[in-house]
Amino acid sequence: MFTSAGRPRLHPLLAGRFSPYAFDSGAAVDDATVELLLEAARWAPSAGNSQPWSFYPVRPGEVEHKRIAMHLAPSSARWALDAGLLIVTLTHRFVDDSRIPYSEFADYDLGQAVAHLTIQAQAIGLACHQFRAFDLDALTTDLAPTAGWVVMSMIAVGVPLGEPRRGQRLSIEDMRAAPWNTDSQ
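To keep things clear, this report deals only with the structure shown in the data block. All figures in this text were calculated on a predicted structure; none of them were measured in a lab. (Residues numbered from 1 in each chain as written. Predicted model: local features only at pLDDT ≥ 70, side-chain atom pairs only at ≥ 80, totals over all residues. Heavy atoms only, no water.)

The next subject is the overall build of the protein chain. When you go through the protein chain residue by residue, the secondary structure sums to seven helices and four strands. Secondary structure of the protein chain in N-to-C order comes out as α-α-β-α-α-β-α-β-α-β-α. Of all 185 residues assigned to the protein chain, the portion counted as buried reaches 34%. Entry remark: accessible area of the protein chain is about 11200 Å², with carbon and sulfur atoms responsible for 55%. Looking at charge distribution, the protein chain has the averaged site of its 15 positive side-chain charges lying 7 Å from that of its 20 negative ones. (Helix = DSSP H or I, 4+ residues; strand = E, 2+ residues; numbered from the N terminus. Buried < 20%, exposed > 50% of the residue type's maximum accessible area, 1.4 Å probe, protein only. Areas by Shrake-Rupley, 256 points an atom, 1.4 Å probe, with all protein chains shown as cover. Lys, Arg positive; Asp, Glu negative; His and termini not counted. Charge placed at Lys NZ, Arg CZ, Asp CG, Glu CD.)

Laid out in structure tokens, this is it:
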């Protein structure tokens, strides 16, 4: 992937990625696609190959979908319920019911797994919108994850509708500048 001047350019899957606020409610996500997305996440790197992540996928029409949907905030329910797939993400943050970290990189590693899943979705014509607008305490109580596991976020996956709405991105200069304290140098 190079420009005509021989310079590398951003991969089209990355350049085209966006988080839709509308999904085609008639576009189902089949079993094979769910497995493919989870396989992409499975291949993400993690500290010590600990793979401290778990995914709870549910689709419209499934009993478990209603169980998850009831915890969505109205702001996310407006668009997330039309997605062909909702995935609750969990991280293995602690050893059992202690406060001893299972992996100090657990949250970071989950993020990498979600990124892999997101790019795989993009490659097959789906889009992902990650969000945290749900009742975390109620969902955690309802799902009752094993000790040490923490519900982190949700991902709505499906066929996007409408034109991409892309928010402002930090410039590369801003990413390099913040959050360094230049007064102490």
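Still to come is the rest of the account.
This brings us to the packing of aromatic side chains. Note on aromatic pairs: each is described by the distance of the centres and the angle between the planes. One pass over the full model with this rule turns up four aromatic pairs. The interplanar angle of 75 degrees and the centroid separation of 5.2 Å between the aromatic rings of W79 and F131 together place this pair among those described as edge-to-face. Taken together, the residues W79 in helix α4 (residues 74-80) and F131 in strand β3 (residues 127-131) connect sequence positions 52 residues apart. On the accessibility criterion, W79 (8% relative accessible area) is buried. Cluster of aromatic residues (ring-pair linked, three or more members): Y21, F23, W79, F131 and F134. Taking NZ or CZ as reference, R132 lies 4.9 Å from the ring centre of F134, over its face. (Phe/Tyr/Trp six-rings, centres within 6.5 Å; stacked < 30°, edge-to-face > 60°. Lys NZ or Arg CZ within 6 Å of the ring centre and 35° of its normal.)

Moving on, we get to the layout of surface pockets. Estimates place the volume of the largest pocket at around 310 Å³. The wall of the largest pocket is formed by L14, A15, R17, F18, S19, Y21, R165, R166, G167, Q168 and R169. Its residues placed into classes, the lining of the largest pocket shows four nonpolar, three polar and four charged. (1 Å grid on protein atoms, 1.4 Å probe; cavity = no way out; pocket = protein on both sides within 12 Å on 5 of 7 lines; lining within 4 Å. Points joined across faces, edges and corners; volume = space filled by probe spheres on them. Nonpolar A, V, L, I, M, F, W, Y, C, P; charged D, E, K, R; others polar.)

To continue, consider the nonpolar core. Ranked by internal contacts, the top residues of the largest apolar core, which has 18 residues, are F55, L85, I87, L117, I155 and V157. For this core, the secondary-structure elements that each account for two or more residues are α2 (31-42), β1 (53-58), β2 (85-92), α5 (106-123) and β4 (149-158). At five residues, α5 tops the list of elements feeding residues into this core. The contact partners of L117, leaving out residues within four places of it in the chain, are L37, L38, A40, A41, F55, I87, C128 and I155. Judged by nonpolar contacts, the second largest core, of 17 residues, contains W79, L86, L139 and A156. (Core = buried A, V, L, I, M, F, W, Y, C linked by side-chain atoms within 4.5 Å. Contact = heavy atoms within 4.5 Å.)

Our next topic: the environment of D107. Mapped onto the secondary structure, D107 falls in helix α5. The class for D107 is partly exposed, based on a relative accessible area of 35%. Taking the C-alpha atoms as reference points, D107 and R93, 14 residues apart in sequence, are found 7.2 Å from one another. When neighbours within four sequence positions are excluded, D107 is seen to be in contact with T91, R93 and M152.

If you trace the four strands from one edge of the open sheet to the other, you get β1-β2-β4-β3, paired in antiparallel fashion. The outermost strands of the open sheet, each flanked by one partner alone, are β1 and β3. Going from strand to strand, the sheet's axes swing by 25 degrees on average, the running direction of each strand aside. With eight bridges joining them, β2 and β4 adopt antiparallel strand pairing. Looking at β4, one finds that H92 is bridged to W149. Running at roughly 155 degrees to β2, α5 makes contact with β1, β2, β3 and β4 of the sheet. Taken strand by strand, helix α6 (residues 136-143) contacts β1, β2 and β4, and its axis lies near 100 degrees from that of β4. (Pairing = 2+ DSSP bridges. Axes fitted to C-alpha atoms, helices over the stretch in contact; angles between N-to-C directions.)

This part is about a nonpolar patch on the surface. On the surface, V95, I100 and Y102 cluster together into a nonpolar patch covering about 250 Å² of accessible area. Within the secondary structure, I100 sits in the loop between β2 and α5. By relative accessible area, I100 is classed as exposed at 53%. (Patch = residues over 30% accessible without salt bridge, like charges linked within 9 Å, V, L, I, M, F, W, Y side chains within 5 Å. Salt bridge = Lys/Arg side-chain N within 4 Å of Asp/Glu carboxyl O.)

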